[in-house]
Amino acid sequence: TPPLPLEKKEAFFIYFSHSPCFPPPQVTLPISPLPSSSPSSQLRHYMVRATDEQQQQMVYRTLETLLTPVMPLFFRPFMSGVIGNSTYGPWFYAPAITALVTPPFFNFLVGPSRPNLRRDGLPGGLLVQKCRFLQESNCKGICMQMCKLPAQDFFQEGLGMPLNVVPNFETHECQWSFGEVPLPPEEDPLLPSGCLSGCTSRLAMAEARVSKATPCL
């Protein structure tokens with residue numbers, strides 16, 4: 001029987017969650033048949049069974065694979081100003097250029113986006129107008145552990161550029177500010193405490209008989 005055809009975003013998230021190139025340690029996940037299982041359901045299925053560190057490392061390694069080893073070799077010196085062991089940037093043009101070239105990738109991954117100003121008013125911002133995964137899941141844990149934190153870490157550690165990702169849990173918009181240093185989650189006044197109203201992740205954890213001290217950070 002030939003495999004079911006996959007839409008781009010669905011194929012990405014199956015690869016994202018289940019690729020044998022980087023299996024999550026101590027976590028085995030069956031691939032749910034499509035189209036009965038949405039990408040957001042697959043992410044929740046993974047979230048309730050993996051530790052915070054496993055979730056973030058899975059996304060970090062996925063970003064490394066998608067961008068290939070070539071991208072950091074170009075991005076770090078010419079955009080982030082990382083030359084050898086010294087850092088001279090990011091160069092003044094780097095945040096704005098990064099924001100301009102990112103929307104085509106975001107459009108099929110998370111939803112329509114457009115360049116705007118960063119939160120500090122400088123060029124280099126990107127506004128995701130409706131994050132489809134935050135909208136579908138309404139889960140702070142998925143947003144934090146499988147998007148915001150690993151994306152910020154990857155840009156800082158892998159590409160040498162700070163990134164501040166600020167989701168709006170009420171409107172499902174998300175502001176990305178390239179070149180802007182983020183606050184630690186525990187010090188960020190914009191992040192609500194505990195689970196979001198209507199989030200079903202706690203129910204999913206109960207059904208899976210999983211207990212976490214901080215399921216949604």
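Counting buried positions along strand 6 (residues 174-178) gives five out of five residues, so the element sits mostly inside the fold. Burial along strand 6 is two-sided: Cys174, Trp176 and Phe178 and Gln175 and Ser177, pointing in opposite directions, are all buried. The pairing of strand 4 (residues 123-128) with strand 6 spans four bridges and is classified as antiparallel. Of the residues in strand 6, the one forming a bridge with Leu127 is Gln175. Pairing of strand 5 (residues 163-167) with strand 6, which is carried by five bridges, proceeds in the antiparallel orientation. Opposite Leu163, over in strand 6, you have Phe178 as the bridge partner. The turn linking strand 5 back onto strand 6 is made up of six residues, and His172 within it adopts a positive phi angle of 70°.

Turning next to unusual backbone geometry. A cis amide bond links Gly89 with the next residue in sequence, Pro90, at an omega value of 5°. Mapped onto the elements of the fold, Pro90 is located in the loop between strand 2 (86-87) and helix 5 (94-101). Notably, Asn138 is not glycine yet its phi reads approximately 50°, a positive angle. By the secondary structure assignment, Asn138 is in the loop between helix 7 (132-137) and helix 8 (140-158). The class of Asn138 is buried, set by a relative accessible area of 18%. In this model, His172 sits at a positive phi of 70°, which is unusual for a non-glycine residue. Secondary-structure assignment places His172 in the loop between strand 5 and strand 6.

Let's shift gears to a nonpolar patch on the surface. Nonpolar side chains collect at one region of the surface, where Phe74, Phe78, Phe92, Tyr93, Ile97, Leu100 and Val101 lie side by side and expose about 760 Å² of accessible area between them. For the nonpolar patch, the secondary-structure elements that each account for two or more residues are helix 4 (70-78) and helix 5. Of all the elements, helix 5 adds the most residues to the nonpolar patch, at three residues. Assignment of secondary structure puts Tyr93 in the loop between strand 2 and helix 5. You can call Tyr93 partly exposed: its relative accessible area is 31%.

About the cut-offs
- Here the residue numbers are simple positions, counted from 1 along each chain's written sequence.
- Local features in this predicted model are restricted to residues whose pLDDT is 70 or higher, and side-chain atom pairs enter the listing and the counts only when it is 80 or higher, whereas totals over whole chains, interfaces and linings include all residues.
- Side-chain metrics in this entry use all non-hydrogen atoms of the structure; hydrogen atoms and water are not considered.
- Only protein chains enter the accessibility calculation, which uses a 1.4 Å probe; a residue is then buried when its area is under 20% of its type maximum, exposed when over 50%, and partly exposed in between.
- Each helix corresponds to a stretch of at least 4 residues labelled H or I by DSSP, and each strand to a stretch of at least 2 residues labelled E; elements are numbered beginning at the N terminus.
- Whether two strands pair depends on DSSP finding at least two bridges between them.
- Within this analysis, patches are made of residues with over 30% relative accessible area and no salt bridge. Like charges are joined at 9 Å or less; nonpolar side chains (Val, Leu, Ile, Met, Phe, Trp, Tyr) at 5 Å or less.
- Each accessible area is a Shrake-Rupley result for a 1.4 Å probe, and residues are judged covered by the shown protein chains and nothing else.
- A pair is scored as a salt bridge if a Lys or Arg side-chain nitrogen falls within 4 Å of a carboxyl oxygen belonging to Asp or Glu.

No statement about biological role is implied by the geometric values presented.
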